[in-house]
Amino acid sequence: MSNLEATSNEFACAATPTDHIEVLHARDVPLGGARAIRVRRTLPQRNRSLIGAWCFVDHYGPQDVADGGMDVPPHPHTGLQTASWLFSGRVEHRDSGGVHAVVNPGELNLMTAGAGICHSEVSIDPESAPVLRGVQLWVALPDSARHTARDFNHFAPEPVSLSGASALVFLGELAGYRSPVPSFTPLLGAQLDLEPRTELALDVDPAFEHGVLCDQGAVSLGGTGLGVGELGYQGPGRTVLPLRNTGDSPARALVLGGVPFGEELVLWWNFIGRSHDEIVEFRRRWQDGDEQFGQVIGYRGRLERLPAPPMPPLRLRPRRPRTE
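Computed from a predicted model, the values in this text were never measured in an experiment.

About the thresholds
Residues numbered from 1 in each chain as written. Predicted model: local features only at pLDDT ≥ 70, side-chain atom pairs only at ≥ 80, totals over all residues. Heavy atoms only, no water. Helix = DSSP H or I, 4+ residues; strand = E, 2+ residues; numbered from the N terminus. Rg over C-alpha atoms; globule rule 2.2 N^0.38 Å. Buried < 20%, exposed > 50% of the residue type's maximum accessible area, 1.4 Å probe, protein only. Contact = heavy atoms within 4.5 Å. Areas by Shrake-Rupley, 256 points an atom, 1.4 Å probe, with all protein chains shown as cover. Polar contact = N/O pair within 3.5 Å; in protein donor to acceptor, adjacent residues only side chain to side chain. Pairing = 2+ DSSP bridges. Axes fitted to C-alpha atoms, helices over the stretch in contact; angles between N-to-C directions. Salt bridge = Lys/Arg side-chain N within 4 Å of Asp/Glu carboxyl O. Expected span 1.5 Å × (residues − 1). Arc of directions from axis to C-beta. pLDDT = per-residue confidence, 0-100.

## Some remarks on the overall build of the chain
The number of helices and strands found in the chain is 1 helix and 27 strands. Taking 324 residues into account, the globule formula puts the C-alpha radius of gyration at 20 Å, and the chain, at 19 Å, falls close to it. C-alpha atoms of the chain, sized along the principal axes, occupy 55 × 50 × 35 Å. Scored against the burial criterion, the 324 residues of the chain give a buried share of 57%. Here the analysis covers contacts within the chain between residues at least 6 apart in sequence; of these, 74% occur between residues at least 24 apart. Element-wise, carbon and sulfur atoms account for 48% of the exposed surface of the chain, whose accessible area totals about 13000 Å².

## Considering the environment of Ser179
Structurally, Ser179 is set in the loop between strand E17 (177-178) and strand E18 (187-194). Look at Ser179 and you get buried, because its relative accessible area is 5%. Contact partners of Ser179, with chain neighbours within four places excluded, come to Phe155, Val169, Phe170, Leu171 and Gly172. Within the structure, the side chain of Ser179 is placed 2.8 Å from the backbone oxygen of Phe170, a separation counted as a polar contact. A polar contact is formed between the side chain of Ser179 and the backbone nitrogen of Val181, at a distance of 3.2 Å.

## Some points on the sheet that holds strand E2 (residues 22-24)
Read from one edge of the open sheet, 7 strands run E2-E23-E20-E25-E18-E15-E14, paired in antiparallel fashion. Each end of this open sheet is capped by a strand with a single partner; those strands are E2 and strand E14 (160-162). On average, each strand axis in the sheet is inclined to that of its neighbour by 25°, with strand direction left out of account. Summarising the sheet, strand E20 (residues 209-216) and strand E25 (residues 251-258) pair through 7 bridges and their orientation is antiparallel. Considered in E25, the bridge of Gly211 is made with Leu256.

## A look at the pattern of salt bridges
Taken as a whole and assessed by the stated rule, the structure comprises 15 salt bridges. Here Arg252 makes a salt bridge to Asp215, at a shortest N to O gap of 2.7 Å. Of the two residues, Arg252 is situated in strand E25 and Asp215 in strand E20; the sequence distance between them amounts to 37 residues. For Arg252, a relative accessible area of 12% gives the class buried. By relative accessible area, Asp215 is classed as buried at 0%. Within this structure, Glu281, Arg284, Arg285 and Asp288 form a network of salt bridges that share partners.

## Digging into the sheet that holds strand E7 (residues 80-88)
Pairing within the open sheet is antiparallel, and its 7 strands lie in the order E3-E4-E5-E12-E7-E10-E13. Each end of this open sheet is capped by a strand with a single partner; those strands are strand E3 (27-30) and strand E13 (151-155). On average, each strand axis in the sheet is inclined to that of its neighbour by 20°, with strand direction left out of account. Across 8 bridges, E7 lies against strand E12 (residues 131-140) in antiparallel orientation. In the sheet register, Thr82 faces E12, and the bridge partner there is Trp138.

## Digging into helix H1 (residues 276-287)
The first and last C-alpha atoms of H1 sit 17 Å apart over 12 residues, in line with the 16 Å expected at 1.5 Å per residue. Restricting attention to buried positions, one finds in H1 the residues His276, Glu278, Ile279, Phe282 and Trp286. End-on, the buried residues of H1 take up no more than an arc of 165°, which puts them together on one face. For H1, the elements touching its buried residues are strand E6 (71-77), strand E11 (117-123), strand E26 (265-268) and strand E27 (271-273). Of the residues one or two after H1, Gly289 is the one with positive phi, at around 70°.

## Things to note about the pairing of E26
Successive residues of a regular strand alternate their side chains across the two faces of the sheet. What you see with E26 is no split at all: Leu265 and Leu267 on one side and Val266 and Trp268 on the other are buried throughout. Pairing of E26 with E27 involves 3 bridges; the strand directions are antiparallel. Its bridge partner being in E27, Leu267 is matched across the sheet by Ile272. The hairpin turn running from E26 into E27, its antiparallel successor, is 2 residues long, and Trp269 in that turn takes a positive phi close to 50°.

## What about the confidence of the model for the chain?
Keep in mind that low pLDDT regions are not for reading the predicted coordinates in detail. In the predicted model, the chain carries a mean pLDDT of 92, and the fraction of residues at 70 or more is 91%. Contacts of residues 14-18 to residues separated by more than four positions or lying in other chains number 23 contacts, the stretch itself having pLDDT below 50.

## As for unusual backbone geometry
The omega angle of the peptide bond from Leu43 to Pro44 is 0°, so this bond is cis rather than trans. With respect to the helices and strands, the residue Pro44 is situated in the loop between strand E4 (38-43) and strand E5 (54-64). Pro62 follows Gly61 through a cis peptide bond whose omega is 0°. One can find Pro62 in strand E5. Positive phi, normally seen in glycine, also occurs at Asp125, with a value near 55°. Locating Asp125 in the fold gives a position in the loop between E11 and E12.

Below you can see the structure in the form of structure tokens.
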């Protein structure tokens, strides 16, 4: 998914440790024109840019596809991976690595941009999959891997039964289940479905920081309630992730985790780099149609490719990781 915010703010990414449950409130962002879907964006924010290497979290739906679904024209990425995860609906993915895939509910589609890629995303099958609901996630690549080749992984995890709940672990390890999908930094990604009034104490790696995104229902993290689209943050140093469905209906949440990402980053539009000049060069090459990003074959939409917004008037500067 592309970052289509018109102002396309710079985010200098750094983790901020905390001893309490922090709630990150989402801001609404339109994806396209007047009839386009809106997403709830919780990462990045000014006060918290990353959870592990997770640096971008968009939550969307329920959206009636017949009323205007997802149609994101070919757009570029550098220095990151995109992780697409659906709760309902279907999305067609095409990228300049030659991959043509369909994103289905409960299946991970992980695209590695590396040094450069472009892709398109279009919701499909409005009759058989009329409601679109899901998340689009970005993972920052460490400096040692950010110039890697384009790649794509697809994985459909088996459900893991828990007491009063079930889990789909698509990255990392949780509840004794390990995803076979490799990652460039230690990560966790899982969907949790909780029965009414269920309480869970999940064993987690104390080296990880964790985020819990509420998709539906009444979810609390460590006794702190989360509204739909809100992201609860728990810092590293804890061995248990305490979750609860406080309502009388089923609830669903996404758990994201990872070792705090210690590198300085500059995230602007759809690029992750390490300096202002690098971002400027990425933008120039995309606008010039440079082969660094390749071409998407088969997309038939409203635009041939998405133009980059203007650069901000100030130099983009990375921020050092905060330690307080």
